[in-house]
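Examining the three-dimensional arrangement
What follows is each chain in one-letter form.
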Amino acid sequence: MKFKIVDVNGRAVPDAVISFPEIPVEKQTQTEIMDQVNKQFSPKVLVVQKDQAVDFPNSDDIRHHVYSFSNPNQFEIKLFSGSEAQPLAFKSAGVVVLGCNIHDNMIGYIYVNDNELTVMTDNEGIASVDFGDTVKPAEFIELNVWHPELSLMQTERVKLNLKRNKTSHDIVLPLTIQIEAPKDDKGFKKKFGS
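The rules we used
- Residues numbered from 1 in each chain as written.
- Predicted model: local features only at pLDDT ≥ 70, side-chain atom pairs only at ≥ 80, totals over all residues.
- Heavy atoms only, no water.
- Helix = DSSP H or I, 4+ residues; strand = E, 2+ residues; numbered from the N terminus.
- Buried < 20%, exposed > 50% of the residue type's maximum accessible area, 1.4 Å probe, protein only.
- Areas by Shrake-Rupley, 256 points an atom, 1.4 Å probe, with all protein chains shown as cover.
- Pairing = 2+ DSSP bridges.
- Axes fitted to C-alpha atoms, helices over the stretch in contact; angles between N-to-C directions.
- Salt bridge = Lys/Arg side-chain N within 4 Å of Asp/Glu carboxyl O.
- Phe/Tyr/Trp six-rings, centres within 6.5 Å; stacked < 30°, edge-to-face > 60°.

On to the overall build of the protein chain, then. Helix and strand content of the protein chain: zero helices and 19 strands. Counting over 194 residues, the protein chain shows a buried share of 41%. As displayed, the protein chain has an accessible area near 11,100 Å², and 48% of this comes from carbon and sulfur atoms.

On to the sheet that holds strand S13 (residues 116-120). Strand order in the open sheet made by the four strands is S13-S2-S15-S16, with antiparallel pairing throughout. The open sheet has two edge strands with one neighbour each: S13 and strand S16 (157-163). The average undirected angle you get between the axes of adjacent strands in this sheet is 30°. Across five bridges, the pairing between strand S2 (residues 17-24) and S13 is antiparallel. Across the sheet, Pro24 pairs through a bridge with Glu116, a residue of S13.

Moving on, we get to the sheet that holds strand S17 (residues 168-173). On the basis of which strands lie adjacent, the open sheet formed by three strands has the order S14-S1-S17 and mixed pairing. Sheet topology places strand S14 (126-128) and S17 at the edges, where each strand pairs with a single neighbour. Going across the sheet, the axis of each strand differs from the next one's by a mean of 20°, ignoring polarity. Inspection of the sheet shows strand S1 (residues 2-7) paired to S14 by three bridges, in the antiparallel sense. Each bridged residue has a counterpart across the sheet, and for Lys2 the counterpart in S14 is Ser128.

What follows concerns the pattern of salt bridges. Pairs can form between side chains of opposite charge whenever their charged atoms are close. Counted by the stated rule, this structure contains five salt bridges. Across the pair Asp51 and Lys91 runs a salt bridge whose closest N-O atoms are separated by 4.0 Å. Here Lys91 lies in the loop between strand S10 (88-89) and strand S11 (94-100) and Asp51 lies in the loop between strand S6 (45-49) and strand S7 (53-55), a separation of 40 residues in the sequence. In this structure, Lys159 engages Glu142 in a salt bridge whose closest nitrogen and oxygen atoms are separated by 3.7 Å. Residue Lys159 is located in strand S16, and its partner Glu142 is located in strand S15 (residues 140-146); the two are separated by 17 residues in the primary sequence. By relative accessible area, Lys159 is classed as exposed at 55%. Among the charged side chains, a network of salt bridges with common partners joins Lys27, Asp51 and Lys91.

Any pair of aromatic rings gets described here by the distance separating the centres and the angle formed by the planes. Evaluation of the coordinates by the stated rule reveals six aromatic pairs. Taking the centre distance of 5.0 Å and the plane angle of 50° together, the rings of Tyr67 and Phe69 count as tilted. Members of the aromatic cluster, connected to one another through ring pairs, are Phe56, Phe75 and Phe90.

Below you can see the structure in the form of structure tokens.
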């Protein structure tokens, strides 16, 4: 099955994560990599399973201080360079928002799935999945879609039920967040695009 995800203006949405909570997958044991290159996390979005370990090498020639306040996967790796940091295992499913205490513009994401089938869109907003014999016969298939620009907290997911008999699905995500200038002195109002 093929999925194409676009925003409300029809632009492709890369790095959108699609998970299928009713389709379990085998537990992964290899350690994944969330590198730091040119003062950015690389990749920007990493998908792992619950309990899977992630290594945080630093390929920059400067030190970084990686942290996350995301519950319940909070952690901190104090100033380090090279491969000094030990891999971390993420025990709870959810979105882990990463930052660097030294470089405010460094933001990355680790999507920790609950050992369920999960795919991510490419630069054209496309993801494909072969369900094989893993899907029970049903008229609809349940899925969740996440992208950091879906919400201000960067952790919200959209739950969808799509017809199973179609070979491709187009999904429009409301990613646009507009900020209106204040009309009085009571501050800014946030307006979410539709």
